[in-house]
Amino acid sequence: MSQWPSCKARVVLAALLRIGWSLKRQSGTSHKVLGREGWPDYVFAFHDGDEIGPVMIARIARRTGLRAEDL
């Protein structure tokens, strides 16, 4: 069983912003480019109401440093 829960995209984005990521630019309503010192930019391409499953959250975590307790 995965350590990651399913979450709404707005919850995941809020967690990323809390751990130090900032919004660099946004294209439309879904594609947001996030930046953080020492990390490559990350494109967060979800609408706020989208449900993100555990596998995708694990992928996001690998690229951003997100931990399960940050959610």
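Keep in mind it's a predicted model, so treat the numbers as computed, not measured. (Residues numbered from 1 in each chain as written. Predicted model: local features only at pLDDT ≥ 70, side-chain atom pairs only at ≥ 80, totals over all residues. Heavy atoms only, no water.)

Here we look at the packing of aromatic side chains
- Summed over all chains, the structure comprises two aromatic pairs.
- On the basis of an interplanar angle of 55 degrees and a centroid distance of 6.1 Å, the ring pair of tryptophan 21 and tryptophan 39 is categorised as tilted. Placement of the pair is tryptophan 21 in the loop between helix H1 (9-18) and strand S2 (22-27) and tryptophan 39 in strand S4 (residues 39-45), with a sequence separation of 18 residues.
- Overall, the relative accessible area of 2% leaves tryptophan 21 in the buried class.
- Residue class for tryptophan 39 comes out partly exposed when judged on its relative accessible area of 34%.
- The interplanar angle of 65 degrees and the centroid separation of 5.2 Å between the aromatic rings of phenylalanine 44 and phenylalanine 46 together place this pair among those described as edge-to-face. For the pair formed by phenylalanine 44 and phenylalanine 46, the shared burial category is buried. (Phe/Tyr/Trp six-rings, centres within 6.5 Å; stacked < 30°, edge-to-face > 60°. Helix = DSSP H or I, 4+ residues; strand = E, 2+ residues; numbered from the N terminus. Buried < 20%, exposed > 50% of the residue type's maximum accessible area, 1.4 Å probe, protein only.)

All quantities given are derived from atomic positions and should not be read as evidence of function.
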